[in-house]
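# Tertiary structure, described
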Amino acid sequence: QELTVTAGVGAYSSTVKSNISINGSPVNLVNGQGTYKTTVSGAGDHTIQINGSFIGEDGKPVPIHQTVTYTVGTPGGAAVMLDKMNVFYIGVPNPVTISSGTGWDKTKVSMDGGSITPAGGPGKFTVNVKNLGKASITVNADGKASTYDFRVKRIPDPVLKVGNSSGGRIQSVVFKNQSFARADLENFEFDAHFSIVSATMYFTGANFPNAQQGEIHGGNLESVKAFLAKSIPGTSVTFDNVKVQGPDGVVRT
């Protein structure tokens, strides 16, 4: 919206010459007053600098330096806050809190690039997105609309684990007794799960003078149990071409 600043210069006589600038723009003074108009943007506190001078009674210039502080708010005090992360993730319900100072009877919420549904409780919503890129939420509070843009990302890749190992060394006796491999998400805020679709396993090193290859489908290691039984200290096991499926239904390698 438009902001108007009116600056007045006091002097002992209307004939005294004065000059003034607001935010670096010279202002035409009429009867010692001038106006400056601008369109505000960006929520939060902002400042406008007023500078100039007038001639004092002693004939010397008197400097003018003032700072005007103003605050830009969103219409009706509306705000959108993501409860977990600063992005939306595909495949999981993203919790969102929306506040509106005008009351919910005067507030409407819509979304581009996804869907937003009430989640119970005042201002609580759930966002679901399907495509990478950007999504936006528009809050229309008391007839004034504000739009908030958010990035859309895929859930990070999980880490393949067997037993207590995600790579590196594992005791052979522990490894032999494993029945499943799994794909775990690490350091992720959402309760999201991946399943292993398939993988190729290579056994080399001790007890495997010739490399052996096995295939698993799902996380079940039953199809390579004979190779697991032969694994001893010094055996190397490699998982390759691991395919997993996340909550978005997409199979990734």
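So, a few notes on the structure that sits alongside this text. Just so it is clear, the structure is predicted and the values come from calculations on it, not from any experiment.

## Comments concerning the overall build of the protein
In terms of regular secondary structure, the protein is built from two helices and 20 strands. Taken along its principal axes, the extent of the C-alpha atoms in the protein is 105 × 45 × 25 Å. Among the 253 residues that make up the protein, the fraction classed as buried is 35%. Counting contacts in the protein only where the partners sit at least 6 residues apart, residues at least 24 apart contribute 58% of the total. Put simply, the protein shows about 14,800 Å² of open surface, and 47% of that area lies on carbon and sulfur atoms.

## Remarks on the sheet that holds strand β9 (residues 94-99)
Within the open sheet, the four strands sit side by side as β7-β9-β12-β11. Their pairing is antiparallel. Taken across any chain shown, the strands that pair with only one partner, and hence form the sheet edges, are β7 (79-82) and β11 (115-118). Recorded for the sheet is a direction-independent mean angle of 30 degrees between the axes of neighbouring strands. Where β7 lies against β9, four bridges are found, and the strand directions are antiparallel. Across the sheet, residue L82 finds its bridge partner in β9, namely V96.

## Looking at the nonpolar core
Counting residues in each nonpolar core, the largest one holds 25 residues, and the members touching the most others are I155, F203, L221 and V224. Sorting the residues of this core by element identifies β8 (87-89), β16 (181-184), β17 (195-205), β18 (208-217), α2 (225-230) and β19 (235-245) as the ones contributing at least two each. Within the second largest apolar cluster, 19 residues are counted, among which are V127, I137, V139 and V152.

## Things to note about the pairing of strand β5 (residues 44-55)
Sheet analysis places strand β2 (residues 18-22) next to β5, joined by five bridges and oriented antiparallel. Looking at the pairing, S21 lines up with N51 of β5. In the sheet, β5 pairs with strand β6 (residues 61-72) via 12 bridges, with the strands oriented antiparallel. Looking at β6, one finds that N51 is bridged to H65. Between β5 and β6, which pair antiparallel in sequence order, lie five residues; one of them, G59, sits at a positive phi of approximately 85 degrees.

## Considerations on the side chain of K161
Checked against the element boundaries, K161 lands in strand β15 (residues 159-162). Owing to a relative accessible area of 15%, K161 belongs among the buried residues under this scheme. Those residues in contact with K161 that lie beyond four places of it in its chain are S166, A181, R182, D184 and E186.

## Here we look at the sheet that holds β8
Taken together, the four strands give an open sheet; going across it, the order is β8-β14-β13-β10, and neighbouring strands pair in mixed fashion. At either end of the open sheet lies a strand with only one pairing partner, and these are β8 and β10 (107-112). For this sheet, the mean inter-axis angle between neighbouring strands, taken without regard to orientation, is 30 degrees. In terms of strand pairing, strand β13 (residues 133-141) meets strand β14 (residues 144-153) through nine bridges, oriented antiparallel. The partner of A141 across the bridge, within β14, is K144.

The rules behind each value
Residues numbered from 1 in each chain as written. Predicted model: local features only at pLDDT ≥ 70, side-chain atom pairs only at ≥ 80, totals over all residues. Heavy atoms only, no water. Helix = DSSP H or I, 4+ residues; strand = E, 2+ residues; numbered from the N terminus. Buried < 20%, exposed > 50% of the residue type's maximum accessible area, 1.4 Å probe, protein only. Contact = heavy atoms within 4.5 Å. Areas by Shrake-Rupley, 256 points an atom, 1.4 Å probe, with all protein chains shown as cover. Pairing = 2+ DSSP bridges. Axes fitted to C-alpha atoms, helices over the stretch in contact; angles between N-to-C directions. Core = buried A, V, L, I, M, F, W, Y, C linked by side-chain atoms within 4.5 Å.

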